[in-house]
Amino acid sequence: MRYQRSSALFAEAKQYIPGGVNSPVRAFKAVGGDPIFVKKAEGAYLYDEDDNRLIDYIASWGPLILGHAYEPVLNAVIDKAKKGTSFGMPTEIETQLAKLSVSMVPNIDKIRFVNSGTEACMSAVRLARGYTGKDKIIKFAGCYHGHSDSFLIQAGSGAVTFGSPNSPGVTQGTAKDTLLAHYNDLEGVKKLVEANKGEIATIIIEPVAGNMGCIVPTDEFIKGLRDICTQEGILLLFDEVMTGFRLAKGGAQEALGVDADIVTFGKVIGGGLPVGAFAARSEIMGHLAPEGPVYQAGTLSGNPLAMSAGLAMLTELNNNAQIFQSLADKTEYLHKGLAKVLNKKGVPYQINRFGSMISVHFTDEPVVDFASSAKGNNATFKKYFHGMLDKGVYLPPSAFESYFLNDALSYDDLDETINAAKAIDL
Ligand SMILES: *Cc1c(COP(=O)(O)O)cnc(C)c1O
């Protein structure tokens, strides 16, 4: 494949935008080479600036669960745009999307719309702190909840009690309130809760993790978290920015059979436009301004174009719930096909999968948390990524990202993907 135009555009972008991108993972730092500049997309395919056609496995990092340029969503946005793009006043469509969301998701009565997943998680934690009157939060190493200060904390060796910031600009004062635990390690969480008794507002988690590859929680772990939260008066916060309206109508809560106290959304709920949201029972949401004292606001929150994309998307998913099964079937097919290819090559690997999320790790140890995910062989991953790209398959450009399948992918596309893997020399 040829990428001359993409490379030229990247060189120009770097003169005016830090690193040439508006979100770091797009820059291909983890895999090397220049990023691909996209010109347009339709269904399961991306068309880049050099006119290559790529089968897309990121779907804008999740939102486009029905494929690119999906007609009902497009039409809803175009119709809405003709009536004005923003008012800063209440509109009926906000209530329509709120009502539909609340009807699809368990354990929520009310929802507040924001503009990104970051904003949703940041606001949800503020609400949890305001509601419980406690300051500390527990997060898990390798889970991503957006780039707000409290979340940019990762495990250093032995950093079990207090987190240390892993981005300059995050103060120690903020970091000290974020306690770190390890995914699938219930005993560690119990110890942390015991050591900080009565001080923890919320445990925030990706109920199926997608930001260290796809990592599935054990039943014992995720149900154990629920029990600890109930016993200790801690709010269980499911960050469903990735899993919401993807793993099932009711997201991970439904798919795993576990109730959360606060849920955050993003990605699918915006149908490809910038939307985030957080939701809970009325009793908790009642603490939010203007009903309660916890402040949160947004000039463009509930924007009519964004709401119309979200409403069209969720309406499709609500009316065609078999989409979730169809996506899971396609993902299983891809899993089996890739496994067969990698077995033949004799390269050590793990494939993790849940619903329409899947990731390939080049390691012989099971990948159950950040540490085991980080053991993947990055040299092999780079060869695999670039080999697939050269065959017209666009995978996430980092071993720490999940693929997101979209329903426009056909079984022919999946076969083409599996055949592409066959042709790579790993
Ligand atoms: C993408 C993501 C976020 C952040 O959402 P943005 O819209 O990028 O701010 C938060 N949490 C999870 C689980 C995500 O996958």
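Residues numbered from 1 in each chain as written. Predicted model: local features only at pLDDT ≥ 70, side-chain atom pairs only at ≥ 80, totals over all residues. Heavy atoms only, no water.

Observations regarding the overall build of the protein
When its secondary structure is counted, the protein shows 14 helices and 16 strands. Computed over the C-alpha atoms, the radius of gyration of the protein is 21 Å, within 12% of the 22 Å expected from 2.2 N^0.38 for a compact globule of 426 residues. Counting only residues that meet the buried cut, the protein has 55% of its 426 residues in that class. For the protein, the share of sequence-separated contacts (at least 6 apart) that also reach a separation of at least 24 residues comes to 72%. Summing over all exposed atoms, the protein offers an accessible surface of approximately 17,800 Å²; the carbon and sulfur share of this is 52%. Side chains of the protein give 40 positive and 47 negative charges; the mean places of these two sets differ by 2 Å. (Helix = DSSP H or I, 4+ residues; strand = E, 2+ residues; numbered from the N terminus. Rg over C-alpha atoms; globule rule 2.2 N^0.38 Å. Buried < 20%, exposed > 50% of the residue type's maximum accessible area, 1.4 Å probe, protein only. Contact = heavy atoms within 4.5 Å. Areas by Shrake-Rupley, 256 points an atom, 1.4 Å probe, with all protein chains shown as cover. Lys, Arg positive; Asp, Glu negative; His and termini not counted. Charge placed at Lys NZ, Arg CZ, Asp CG, Glu CD.)

Here's the deal with the pattern of salt bridges
With the rule as written, the count across this model stands at 16 salt bridges. Between Glu232 and Lys197 there is a salt bridge, with its nearest N and O atoms 3.0 Å apart. Residue Glu232 is found in helix α7 (residues 219-232), and its partner Lys197 is found in the loop between α6 (186-195) and β9 (200-205); the two are separated by 35 residues along the sequence. Salt-bridge contacts for Asp261 lead to Arg226; the nearest nitrogen and oxygen are separated by 3.1 Å. (Salt bridge = Lys/Arg side-chain N within 4 Å of Asp/Glu carboxyl O.)

Quick word on the pairing of strand β8 (residues 178-181)
Here β8 shows no split at all, with Thr178 and Leu180 on one side and Leu179 and Ala181 on the other all buried. Pairing between strand β5 (residues 136-140) and β8: 4 bridges, direction parallel. The residue of β8 that forms the bridge with Ile137 is Thr178. (Pairing = 2+ DSSP bridges.)

Let's talk about the packing of aromatic side chains
For the structure on display, the rule yields 13 aromatic pairs. Ring geometry for Tyr57 against Tyr403: centres 6.0 Å apart, planes inclined by 55°, an arrangement best described as tilted. On the criterion of sequence distance, the pair formed by Tyr57 in the loop between β3 (53-56) and α2 (71-81) and Tyr403 in strand β16 (residues 403-404) is long-range, its members being 346 residues apart. For the pair formed by Tyr57 and Tyr403, the shared burial category is buried. The structure contains a cluster of three or more aromatic residues connected by ring pairs, namely Phe28, Phe385 and Tyr394. Here Lys40 stacks its cationic end above the ring of Tyr47, 5.3 Å away from the centre of that ring. (Phe/Tyr/Trp six-rings, centres within 6.5 Å; stacked < 30°, edge-to-face > 60°. Lys NZ or Arg CZ within 6 Å of the ring centre and 35° of its normal.)

Here we look at the UniProt feature "modified residue: N6-(pyridoxal phosphate)lysine" (unreviewed entry) in the protein
UniProt feature "modified residue: N6-(pyridoxal phosphate)lysine" (unreviewed entry): in the numbering of this structure it lies at Lys267. Following the sequence through the fold, Lys267 ends up in the loop between β11 (262-265) and β12 (276-280). The contacts of Lys267, once residues within four sequence positions are left out, are Trp61, Gly62, Pro63, Val241, Met242, Gly272 and Val275. (UniProt positions renumbered as here; feature names shortened; annotations may be inferred.)

A word on the site of the ligand
Around the ligand, the surrounding shell consists of Ser116, Gly117, Thr118, Tyr144, His145, Gly146, Glu206, Asn211, Asp239, Val241, Met242 and Lys267. Tyr144 is positioned such that a nitrogen or oxygen atom in its backbone is 3.2 Å from a nitrogen atom of the ligand. Residue Asn211 places a side-chain N or O atom 3.3 Å away from an oxygen atom belonging to the ligand. Computed on the free molecule, the ligand has an accessible area of 380 Å², of which 82% lies beneath the protein chains in the complex. (Near = heavy atom within 4 Å. Polar contact = N/O pair within 3.5 Å; in protein donor to acceptor, adjacent residues only side chain to side chain.)

Observations concerning the environment of Cys214
In this structure, Cys214 sits in the loop between β9 and α7. Classification of Cys214 as buried rests on a relative accessible area of 0%. Distance in space between the C-alpha atoms of Cys214 and Ser373 is 9.3 Å, their sequence separation being 159 residues. With residues near it in sequence (within four places) discarded, Cys214 still touches Val208, Ala209, Asn352, Arg353, Phe354, Met357, Ile358, Ser359, His361 and Ser402.

Examining α7
Helical periodicity: at 3.6 residues per turn, an α-helix aligns residues three or four positions apart in one direction. When the terminal C-alpha atoms of α7 are compared, their 20 Å separation across 14 residues agrees well with the 20 Å that a helix rising 1.5 Å per residue should span. Taken residue by residue, α7 has Phe221, Ile222, Gly224, Leu225, Arg226, Ile228 and Cys229 as its buried positions. Contacts made by the buried residues of α7 are with β5, α6, β9, β10 (235-239) and α8 (251-256). (Expected span 1.5 Å × (residues − 1).)

Comments concerning the sheet that holds strand β15 (residues 393-394)
Read across the sheet, 4 strands follow the order β1-β2-β3-β15 without closing on themselves; strand pairing throughout is mixed. Across the chains shown, the open sheet's two edge strands, defined by having one partner strand only, are β1 (38-42) and β15. Looking at chain direction, β3 and β15 are connected through 2 bridges and run parallel. Within β15, the residue paired with Asp56 across the bridge is Tyr394.

Thoughts on the pairing of β1
Bridge count between β1 and strand β2 (residues 45-48): 4 bridges; the pairing is antiparallel. Residue pairing in the sheet places Val38 in a bridge with Asp48 of β2. Between the end of β1 and the start of β2, which pair antiparallel, lie 2 residues, with Gly43 showing a positive phi angle near 55°.

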